[in-house]
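# Report on the structure
Next come the chains, spelled out residue by residue.
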Amino acid sequence: MTDVSNDNTTLITSIEEVIPFYKGNGFPLDKQYIGFETEIGVYKKGPDGKPIGASTQDTTELLQYLKDLGHDAQLEMASAVEYASPPFRVTEVQQLVKEIKKSWDDYHAAIAAKGFKANDASFFPFATLKSAEGNLVDRDRARGLVKGMKLHKAIEFLKVTLLASSTQVSLSYKDPADLYDLLITGYALQGPIFALFANYPPFIEGSDKRVDYNPRAAFYEAFGDQGSIPKTLLEAKDGDDFIRRHVQQVFENPLLYYYDSKGSIVWPEKPVTFRQLKDLGLNTRSNYDLSESFLYPDIKVCNIRDEEGHPVGKRIEIRGLDAGELGVQAGAPFIHAVLRDPETHLQVKALLAEYGLTPDQEGWQERIVAARHNASYHGGKYLDVTFGIRANGKPGNLRDFSRDLADILQLYAQRNPAIQKELQPLIDIAKSGLSQAELKSRQTIDYADANRRLLETTNGHKRTAKTYRSYAPHRKAG
């Protein structure tokens, strides 16, 4: 969870002033950047012998321990820590994978050293909104989000914010055309991303009712125009048109809170938009960035920041990957393969075309929305759901698509043997059609069993915590 800077008082008066923020870096595609973040849920055995989330004090002490080891760690909203990699060129995925593995091992060693366990899933079975709020991180943005969401948002906003953890891969882009291509392909793949990286327990929110949907995917869909697949993309003609529509949405987006002239948080009685802040003289860059941060689509357009946290450009953040080892291990190679490796990217777009999911095909917008929805509300069928439409006019199937995607990824892995080991578990899931979430559901008897398994689980990383000394962490480009 990254705070928005509250001290940029530059006034923004029109959409035209903002559009240049999104022009891209102008670098050739092989000079673009890729970065990685993951959230790690932290828990322990409670006084009653049952698992509980790490407290605010627990995570604060853990954060300091990680920082003392040299890590640029951050805290997430409740009972979780965040690791963010430095950015790498897209031609340096092998180095990024090594950096991720080293830090992942170090984080797990640190968590174990402090007497906690790391959750290999996107949710705890036992955590409720009440218990999670009791472990809320001591930060203004966290308190502001929770208070604003309670006042003005559907309950799903709080569920994602307080209960869910995820893995994200970020990409820089050359220009508006490159941005549009990344978004179009990325959103067409959103259903498969949620399904293949699904890593949630079969019981959540302290309930003994078995989950038959993908929680994060379903909750984001409940956000309406502020989540899932945005209309700003579906209705756009090209990259420039998308940028204008996106900026317009940011101008009209209701803010949960905003910053006054001194940088203090103001909670309005009812939501106000960034455009309305002009009447108060608070139409600042900080509040514009804040408004953009209150949009939660599956692929987020957000700031690239320098070492001081100031915005210096834009990137996209692919957010459909669940937390846990699979996403950490295979997330960056997968996103690089389907969106930045030239050969694989073309093969993936050709495969999507076979399922009616490319923008040159009539009705593609409705089909990618439906494909995502079917992967979200799978009804216990997981990958065995409708996905697009075939050339013969018959509905496609996500399991069939995933097998074809596995073949493409296998070729990518053969061309990149240094990271084949990291990508292979995902390829195997795509081939078999059996996700981690489905496997966990098959293996877990009931809610009590889900919690019991948490206490039986070891952190799985035997390396001792050691000082971080690989790359200086920064967020300038990835």
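These remarks concern the structure in this document. (Residues numbered from 1 in each chain as written. Predicted model: local features only at pLDDT ≥ 70, side-chain atom pairs only at ≥ 80, totals over all residues. Heavy atoms only, no water.)

Evaluation of the coordinates by the stated rule reveals 27 salt bridges. In this structure, lysine 159 and glutamate 205 form a salt bridge, with 3.4 Å as the shortest nitrogen-oxygen distance. Placement of lysine 159 in helix α6 (residues 155-163) and of glutamate 205 in the loop between α8 (190-196) and α9 (215-221) is noted, with a sequence separation of 46 residues between them. Taking relative accessible area as the criterion, lysine 159 reaches 16% and is therefore assigned buried. (Salt bridge = Lys/Arg side-chain N within 4 Å of Asp/Glu carboxyl O. Helix = DSSP H or I, 4+ residues; strand = E, 2+ residues; numbered from the N terminus. Buried < 20%, exposed > 50% of the residue type's maximum accessible area, 1.4 Å probe, protein only.)

Time to look at the environment of proline 297. Positionally, proline 297 belongs in strand β13 (residues 296-297). When its relative accessible area of 12% is taken as the criterion, proline 297 is described as buried. Through-space distance from the C-alpha of proline 297 to that of aspartate 225 is 8.4 Å; in sequence the pair is 72 residues apart. Ignoring anything within four residues of it in the chain, the contact list for proline 297 reads Tyr187, Gln226, Gly227, Ser228, Pro230 and Arg319. (Contact = heavy atoms within 4.5 Å.)

To continue, consider helix α5 (residues 140-152). Counted at 1.5 Å a residue, the expected span for α5 with its 13 residues is 18 Å, and the 18 Å between its end C-alpha atoms agrees. Where α5 is concerned, the buried positions are Arg141, Ala142, Gly144, Leu145, Val146, Gly148 and Met149. (Expected span 1.5 Å × (residues − 1).)

Our next topic: the pairing of strand β7 (residues 166-171). Most of β7 is tucked away: 6 of the 6 residues are buried. Covered by surrounding structure in β7 are Ser166, Gln168 and Ser170 together with Thr167, Val169 and Leu171, the residues of both alternating faces. When strand β1 (residues 33-45) meets β7, the two strands line up antiparallel, connected through 5 bridges. Bridge pairing in β7 links threonine 38 to threonine 167. Where β7 and strand β15 (residues 311-322) come together, 5 bridges link them in antiparallel fashion. Looking at β15, one finds that threonine 167 is bridged to leucine 321. (Pairing = 2+ DSSP bridges.)

On to the side chain of threonine 344, then. Take threonine 344: it is sitting in helix α14 (residues 342-354). Judged by its relative accessible area of 0%, threonine 344 is buried.

Peptide bonds are trans in most cases, and residues, glycine excluded, mostly fall at negative phi. One non-glycine residue, serine 79, lies in the positive phi region at around 55°. Residue serine 79 is classed as buried on the basis of its relative accessible area of 5%. Positive phi outside glycine occurs at glutamate 205, with the angle close to 60°.

Before going further, it helps to spend a moment on the packing of helix α13 (residues 325-340) against helix α17 (residues 420-432). The contact between α13 and α17 brings their axes to 8 Å, and the two run at 95°. Looking at the two axes, α13 sits roughly perpendicular to α17. Touching Leu326, Gln329, Ala330, Pro333 and Phe334 of α13 are Lys421, Glu422, Leu423, Pro425, Leu426 and Ile429, all from α17. The class makeup of the residues in the contact of α13 with α17 is 8 nonpolar, 1 polar and 2 charged. (Axes fitted to C-alpha atoms, helices over the stretch in contact; angles between N-to-C directions. Parallel < 35°, antiparallel > 145°, perpendicular 65-115°, else oblique. Nonpolar A, V, L, I, M, F, W, Y, C, P; charged D, E, K, R; others polar.)

To continue, consider the nonpolar core. Judged by nonpolar contacts, the single largest core of 139 residues is most densely connected at Tyr288, Ile316, Ile318, Phe334 and Phe401. Counting residues per element, this core draws most heavily on α13, which supplies 9 residues. Contact partners of phenylalanine 334, with chain neighbours within four places excluded, come to Ile193, Phe197, Leu405, Leu409, Leu423 and Leu426. (Core = buried A, V, L, I, M, F, W, Y, C linked by side-chain atoms within 4.5 Å.)

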